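Summary of the model geometry
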Amino acid sequence: MKFGHALLALAALTIAPSALAQGSTADGIAKYRAALQDGNPAELWESRGEALWKQERGPKKVSLERCDLGLGAGVVKGAYAQLPRYFADADRVLDLETRLVWCMVTLQGYTEADAKKNPFGSGNARKSDLEALTAYITSESRGAKMNVPMRHAKEAEAYRIGEKLFFFRGGTHDFACATCHSEEGKRIRLQDLPNLMTAEGAQKAYTTWPAYRVSQGELRTFEWRLYDCFRQQRFPELVFGSDAAIALTMYLARNANGAPFDAPAIKR
Amino acid sequence: MSSYARLGLLVVTAIVDAGCATRVDDGEVAAKAAAVLKASFKPAGQAGLDRLEQDETQRACSAAAGKAPPKDVAAKIEQANLATIRYPADAKLLGDWKTGEKIAQEGRGKQFSDDPKGPVGANCYACHQLSKAEVSFGTIGPSLYQYGKLRGNGADVQRYTFGKIYNSEAFTACSNMPRFGHKDILSEQQIKDLTALLLDPASPVNQ
């Protein structure tokens, strides 16, 4: 809402209050978004992530360059556009973040708790390695067509569980994901809401995460997007790397199939 | 409707893709989803795991999966929720519209990140247009601009409006609107103030 008010203040400088209309506000937002595209601080996370990927780290002092993200050991290019997927070694469907944790544990010798302990950073005060790694890996899928597989029974099951979770109403306010994301052309305050029930809506939304959030000065991953949606839904806290997070990601990523991946992006 | 048709297609594609995997029964998926949900959240701040326990209305509306529920189900939901509405003992339904406007603007309350002792608002503007002056409004719900001017503020309109804010499911099954009174989000006085915001002839909503 801070952004909305800032915009209003901006608009008020140039237009008489009585002339303020929804149209001019929407124009202001469009201009702001266009101006943002000029430079994206997400690149800072991407380069830090690349260094982390190649660095010998952890108790076993090895790099992550032997990590199999689904396309073979060490293949980074295009890997994110085919996640989540079933991994036989883990016997589980994993998204990128949980696959990174898997590799940090099995290759580098970290404990699972250590690998998972700081999934969401907070500016320069508390940098998150997982976030940086995610920024790097996802950037290597820019332009790749979303192609999330559905060959294994567990992939199909995760998709259907994700769909159920999308419609699950709970909490004090009866909110589900679908409350805000199942109709065309809706807004919360001035924020446009993607309709995740359509291929176009899912594609536009999913392919633009992770994103550098200007309002937070922080790169945010898709797991964070889910975490914060549930916070606003008045649910308890979504556990990082949980089956619900992976199933919902599976549902939305799969619905985005066919679109070119285009992140890390930049959002207000 | 076309968006649902498209989603249907996506689901069909998913199943064909799954190849030899057999189609799992929908009830089984729902049971698995419930178990996954329970294992995937932890209590935080004021939000305990009890918030994942659905009541009958939440269960029936989740099962409707974004569509309108069947007529008989809808009637049952509305009847059960209508019975929960408690009207004020003093029979006065109109509070102070100025306080109502503040409640309508306030987005905080009940999130695990909110101070449990801090303000709890209705955040009406997130989804509705109300006064003309506030251009930062959402569109998930209908515009309520001139709500009272169009309807008058007679006893029946007052009763309906208070009841709708108290428990929206009493009038529209599986509405997107929270049940502010029934779920103890707002106090009786706050609901009176919002009723005034909508119906008081002096309220900016009715200018």
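Keep in mind the model is a prediction, meaning the values are calculated, not measured.

Listed per partner, the contact involves 53 residues of chain B and 53 residues of chain A. At the level of elements, α1 (2–17), α2 (26–40), β1 (41–42) and α3 (56–63) of chain B are the ones that each hand at least two residues to the side of chain B that touches chain A. Split by residue class, the side of chain B that touches chain A holds 30 nonpolar, 15 polar and eight charged. Alignment of strand β7 (residues 237–238) of chain A against β1(B), held across two bridges, turns out to be antiparallel. By the bridge assignment, A:Leu238 is partnered in β1(B) with B:Phe41.

Attention now moves to the packing of helix α7 (residues 155–166) of chain B against helix α8 (residues 188–199) of chain B. Residue and element names in this part refer to chain B. Running from N to C, α7 and α8 cross one another at 130°; their axes reach a closest spacing of 9 Å. One way to sum up the angle between α7 and α8 is to call them oblique. Crossing of α7 against α8: the hand is right-handed. Packed against α7, whose contacting residues are Val157, Gln158, Thr161, Phe162, Ile165 and Tyr166, the element α8 presents Ile191, Leu194, Thr195, Leu198 and Leu199 at the interface. Tallied by class, the residues present in the contact of α7 with α8 amount to eight nonpolar, three polar and no charged.

The subject of this paragraph is the nonpolar core. Side chains of a nonpolar character, in soluble globular proteins, are inclined to be buried together. Core analysis: the biggest nonpolar cluster contains 73 residues, and A:Leu165, A:Ala247 and A:Leu248 have the highest contact counts within it. With nine residues, helix α11 (residues 243–255) of chain A is the largest single contributor of residues to this core. Each residue touching A:Ala247, except ones within four places of it in the same chain, is listed here: A:Ala158, A:Ile161, A:Gly162, A:Leu165 and B:Val36. Among the nonpolar cores identified, the runner-up in size contains 31 residues, and B:Tyr147, B:Tyr166, B:Ala196 and B:Leu197 belong to it.

Glancing now at the domain arrangement of chain B. Residues and elements named next belong to chain B. Domain parsing of chain B yields domain 1 (2–68) and domain 2 (97–206). Contact residues are listed per partner, giving eight residues for domain 1 and six residues for domain 2. For the side of domain 1 that touches domain 2, the per-class residue count stands at five nonpolar, three polar and no charged.

What counts and how
- Residues numbered from 1 in each chain as written.
- Chains lettered and ligands numbered in written order.
- Predicted model: local features only at pLDDT ≥ 70, side-chain atom pairs only at ≥ 80, totals over all residues.
- Contact = placed C-beta atoms within 7 Å.
- Helix = DSSP H or I, 4+ residues; strand = E, 2+ residues; numbered from the N terminus.
- Nonpolar A, V, L, I, M, F, W, Y, C, P; charged D, E, K, R; others polar.
- Pairing = 2+ DSSP bridges.
- Axes fitted to C-alpha atoms, helices over the stretch in contact; angles between N-to-C directions.
- Parallel < 35°, antiparallel > 145°, perpendicular 65-115°, else oblique.
- Left-handed = near helix turned anticlockwise from the far one by under 90°.
- Core = buried A, V, L, I, M, F, W, Y, C linked by C-beta atoms within 7 Å.
- Buried ≥ 20, exposed ≤ 12 C-beta atoms within 10 Å, placed from the backbone.
- Domains from an automatic or database assignment.

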